[in-house]
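Commentary on secondary and tertiary structure
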Amino acid sequence: MGDYGFNTEIIQTDETAERKPVEDFLHRLSLSYDSDVDYTVVMKEGSRIVATGSLAGGVIKCVGVEPEFQGLALTNTIVSHLEMEAYRRNRERLFVFSRPRNRAAFEDLGFQSVGEYPEEIVLLEKPGGGLLEWAMSEGADQERSATEAANVALVMNCNPFTKGHRYLVEQASRRAEELYGSTVDESRGVVHLFVVSEDRSLFPAAHRLRMVREGTADLSNVRVHPGGPYIISSATFPTYFIRNPDDIVRTHAGLDLHIFASRIAPLFGIKRRMVGHEPYCPVTAAYNRAMKDILPTYGIELEEIHRLEQGGRAVSASTVRDLIRQERMDEVKKIVPETTWRYLGSAEARPVIERLKKEKDRRH
Amino acid sequence: MNLIRTGKAGTLESSDVMITVKGHSENRVEIKLKSIVEKRFGRHIRRQIEDILERMEVNSALVDVDDRGALDCVIQARLETALYRAAGIQSLRWEEIQ
Amino acid sequence: MPKKAAGRDIPSKIPGFKEIKHFEGAFANTPLVRKQKGSRTLPRLNKIVESLEQAILKSGLRDGMCVSFHHHLRDGDMVLNMVMDVIANLGIKNLTLASSSLTRAHNPLIRHIKNGVVSRLITSGLRDKLAEEVSHGLMETPVLFHTHGGRARMIESGELKVDIAFLGVPSSDVYGNANGYTGPSACGSLGYAMVDAEYAEKVVLITDNLVEYPNTPFSIHQDHVDYIVQVDQIGDPEGISSGALRMTRNPRDILIAEYATHVIEHSGYMEDGFSLQTGSGSISLAVSNFMRDVMLRKGYTASFALGGITGSIVRLHEEGLIKRLLDVQSFDQEAIRSIGENRYHTEIDASYYANPHNKGCATNKINVVILSAMEIDTDFNVNVLTGSDGVIRGASGGHSDTAIGAGISVIVAPLFRGRSATVVDRVNTVITPGETADVLVTDYGVAVNPRRRDIYDRLKTKHLPLYSIEELYQKAEKVTGRPEPVQFEKKIVGVVEYRDGTILDVIHQVKD
């Protein structure tokens, strides 16, 4: 009953003239209007914006209500509207970022916490229980993991899967066996390899997942999982409340890692996370730094491994993409596993490679 | 009525209800009810929803109800809409509406 | 005949004097006076102590004592939690906590109750998680719920002995003159705190705004204050008061307000020089706006408005339509501004406001009061404390104090909210007895208490949708359906005291 006399309008998110008032409104509330937003609704009194909220894919963000209009349950109206829009777009799972102090308000709207970076930010999902569902479908054993399990985790994007990745997986496979025992018992000595599911990389998520699966099939203690929305995704990587760009990376990394350490690691019995040393990318380097701070507080050991080098340079996916672009395929062949090489030659990969040649390189 | 996708209707505003329905993986009817008046109207609401499902011949449904104190007429309208959406039916079957 | 310090001979017995206490030197019996005459050190004396902990230790707080607070900082209050945290750290247990009310800011009390720091609560109301926990059996001893007037009564009469009052004040000088309308945490009237300041054994002021002596005008007087502690912040302004409350656009609320205004206009109680009290609810605010139209049309002015003062009442005052304001609690920023500025916007304490056992309280002088209701039953008993699910989520406040005092008490409420009926056959908790509630105004019609035949007779020709309250009850149930009764446990979690100190009702633990 809170919306008497308010007009609800949908913003053309690609029109600067329409975006600007929303941006100004959010700015006054110390919130930012993120560039990845693809749907925005505002409530107006006359021509004045009094509340707004947006969708970026399946993530509700940039929700703000003018202080003097708080207490009218306008947030309920905004979130209801966005939820129906997400439904029209066939998004069954919704996420929202919130300041921890507003958590109860979203819980009241049916959201459930995925994880929290204490004092900073909390990620909620609706319907609740999605993380657990995902973990179970990936074979997590909640009961045994809680007590006896001891496994190693790797998280990779693999855009595409290179010999560098392969080297890291081998190291992890060996370490898991050394430290935690043989693979006879499924709950010990396993490497859980999570492949980033977000489709923002050149190689589609499904292709990357298959390259990794095929490229590690011979390693009997390696389990490959799609990371889903719960590991390094647009859901665990907010850009919402933070103004200072340095803080963005820190907060993103923090939230992602708190979710990993507090929710995912216990379900898979993860005691150690291994990661390749990052000499080039500042964002990844910052993420690795955050791991050093956060993981040990949950009793998870972090092991950073020097990456495989060839010709004095770390073998990296970006090198592979560069070489493909320059059509130096014989050099590509030297630094990717046989399985990836076969994929690159397949009909399926052709459109991807065409696209790669046309555009400038992206980071991940 | 056969539910072929997820159907959703309603809002989370006061005096309204948001209802989400989809086919049940075990081919039965299950109602998940969250209501601000659960203690005093919970059984009544469940019974009403079961009646509507039966009348519309829905035998497999997971019904998620987030009720903010909606009256019977509101619950009925929202549930019927959600069911039609889930069944992919575009036009109303007036004979099924009471 | 003994020689005394001033060198005078004074007999030990003088007819008509019980006992002679002899002079023993100018400083012997006045320890709080500076001893070095002519000292240039300023200020000459102050009561500032360095920390809350020191103030608590100096005040002599021990296990089992009673500490008191006020709720003028409402949802923004930081004082109660701040003080209780220090008390808990000192290991003091088993306290009675008497606050004029408790708000959503006070959820941290749950921890202190579980840890045995607080074993008893005396308050006008409870909200949010604390209220829910209490309703689910958090405490061994039931909470005592009082009215605003009843609290003043029990403190003045000594029925409730407050050992130490911890009073957050928006401004104070070093000697304890304090008021509520200056400073970054301004809250307006300190009406409820004034009673504690006067009657508590020890009084500790907590302020974030220490000002030059003397801090006039003052609401709390230096002669009552023992210690003063300066802190960074006593309250969050956002929670202390709302901005300008907006006029409702909900057609349901506007309809109720129109009916209510019509009732008041024709009740016989609205005439030139009448007096009124309104609440801060959206219907109440709309009624004040409509009453303004009536006053302008008829050329009436009101002699005074009482109670919790809002911006809409201030506006009528500044327009000259209400001559004087008697303010025990300032609800919004406009009221806070006005009490500091307007000569005839007067601060009153809770006893002056509503104590039934003093020599005359202001609620007795009210002609018209507009009150809300969570539930009202067919006997006109009103509940403003427990929800339709039986869980505590409100406050007794001045509801029953004004209902009995006013010439006409008008209860305004929608017939049902969502699917919870307001008009029921039996309220979960009685706060205001039906014999003191005169007219119920809902969006579906108006019901006059059969005890007020006089009002009914005046209204019956005035084109109002008049029904019996039973008819309204039936209308409500027809729409909402008949609810199942709330399930309660045996355990009593709350005791409702009527303003005169008698027990009106009890609240049971809810069953899950």
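Residues numbered from 1 in each chain as written. Chains lettered and ligands numbered in written order. Predicted model: local features only at pLDDT ≥ 70, side-chain atom pairs only at ≥ 80, totals over all residues. Heavy atoms only, no water.

1. Here we look at the sheet that holds strand S18 (residues 382-383) of chain C
Residue and element names in this part refer to chain C. As summarised here, the arrangement of the 3 strands in space is S18-S17-S23, forming an open sheet in which the pairing is mixed. The open sheet is flanked by S18 and strand S23 (423-424), the only strands paired with a single partner. Bridge count between strand S17 (residues 375-377) and S18: 2 bridges; the pairing is antiparallel. Counted as the bridge partner of Glu 375 is Asn 383 from S18. (Pairing = 2+ DSSP bridges. Helix = DSSP H or I, 4+ residues; strand = E, 2+ residues; numbered from the N terminus.)

2. Concerning the interface of chain B and chain C
Taken together, the contact between chain B and chain C spans 13 residues of the former and 20 residues of the latter. The largest contributions to the chain B side of the interface with chain C come from Lys 39, Arg 40 and Phe 41 of chain B, which together make up 58% of the buried area. Here chain B and chain C share 2 salt bridges between them. In this structure, the connection of chain B to chain C is made through 6 residue pairs in polar contact (both at pLDDT 80 or more). At the level of elements, helix H1 (38-55) and helix H2 (72-87) of chain B are the ones that each hand at least two residues to the side of chain B that touches chain C. Among the elements that line the side of chain B that touches chain C, the one with the most residues is H1 of chain B, at 6 residues. A class-by-class count of the residues in the side of chain B that touches chain C yields 6 nonpolar, 3 polar and 4 charged. (Contact = heavy atoms within 4.5 Å. Buried area = accessible area lost by both parts, 1.4 Å probe. Salt bridge = Lys/Arg side-chain N within 4 Å of Asp/Glu carboxyl O. Polar contact = N/O pair within 3.5 Å; in protein donor to acceptor, adjacent residues only side chain to side chain. Nonpolar A, V, L, I, M, F, W, Y, C, P; charged D, E, K, R; others polar.)

3. Focus: the domain arrangement of chain C
Residues and elements named next belong to chain C. The domain boundaries assigned to chain C delineate domain 1 (48-240) and domain 2 (251-485). A straight line from the C-alpha centre of domain 1 to that of domain 2 covers 29 Å. Each partner contributes to the interface: domain 1 provides 32 residues, whereas domain 2 provides 31 residues. Around 2400 Å² of area is buried between domain 1 and domain 2 when both sides are counted, 58% of it from carbon and sulfur atoms. (Domains from an automatic or database assignment.)

4. Section: helix H8 (residues 251-266) of chain C
All names here are of chain C. Between its first and last C-alpha atoms H8 spans 23 Å; for 16 residues at 1.5 Å apiece the expected length is 22 Å, and the two agree. Residues Asp 253, Ile 256, Ala 257, Tyr 259, Ala 260, Thr 261, Val 263, Ile 264, Glu 265 and His 266 constitute the buried set of H8. Measuring from the side-chain oxygen of the N-cap residue of H8 to the backbone nitrogen of Arg 252 gives 2.9 Å; that N-cap residue is Asn 250. One or two positions beyond H8, positive phi appears at Gly 268, with a value near 95°. (Expected span 1.5 Å × (residues − 1). Buried < 20%, exposed > 50% of the residue type's maximum accessible area, 1.4 Å probe, protein only.)

5. Some points on unusual backbone geometry
Residue and element names in this part refer to chain A. The omega torsion across Lys 126 and Pro 127 is 0°, close enough to zero to call that bond cis. Mapped onto the fold, Pro 127 is located in the loop between strand S7 (121-126) and helix H4 (130-137). That bond from Asn 159 to Pro 160 is cis: its omega, 5°, falls within 30 degrees of zero. As for its position among the elements, Pro 160 is in the loop between strand S8 (150-156) and helix H6 (163-180). At Ser 30, a residue that is not glycine, the phi angle is positive and equals roughly 60°.

6. Topic: the environment of Arg 307 of chain A
All names here are of chain A. With respect to the secondary-structure elements, Arg 307 resides in the loop between strand S12 (301-305) and strand S13 (309-310). For Arg 307, a relative accessible area of 25% translates into the label partly exposed. Sequence separation of Arg 307 and His 277 is 30 residues, and the distance between their C-alpha atoms is 6.0 Å.

7. A few points about the environment of Ser 312 of chain C
All names here are of chain C. Checked against the element boundaries, Ser 312 lands in helix H10 (residues 311-318). Considering only alpha carbons, one finds Ser 312 and Val 231, 81 residues apart in sequence, at a separation of 33 Å. Not counting residues up to four positions away in its chain, the partners in contact with Ser 312 are Leu 285, Ser 288 and Asn 289.

8. Some points on the pairing of strand S20 (residues 408-412) of chain C
Residue and element names in this part refer to chain C. Burial within S20 is extensive, with 5 of its 5 residues counted as buried. The pairing of strand S16 (residues 368-371) with S20 spans 4 bridges and is parallel. Bridged to Leu 371 within S20 is Ile 411. Bridge analysis of S20 against strand S24 (residues 439-442) gives 3 bridges, and the strand direction is parallel. Paired with Val 412 across the two strands is Val 441, which belongs to S24.

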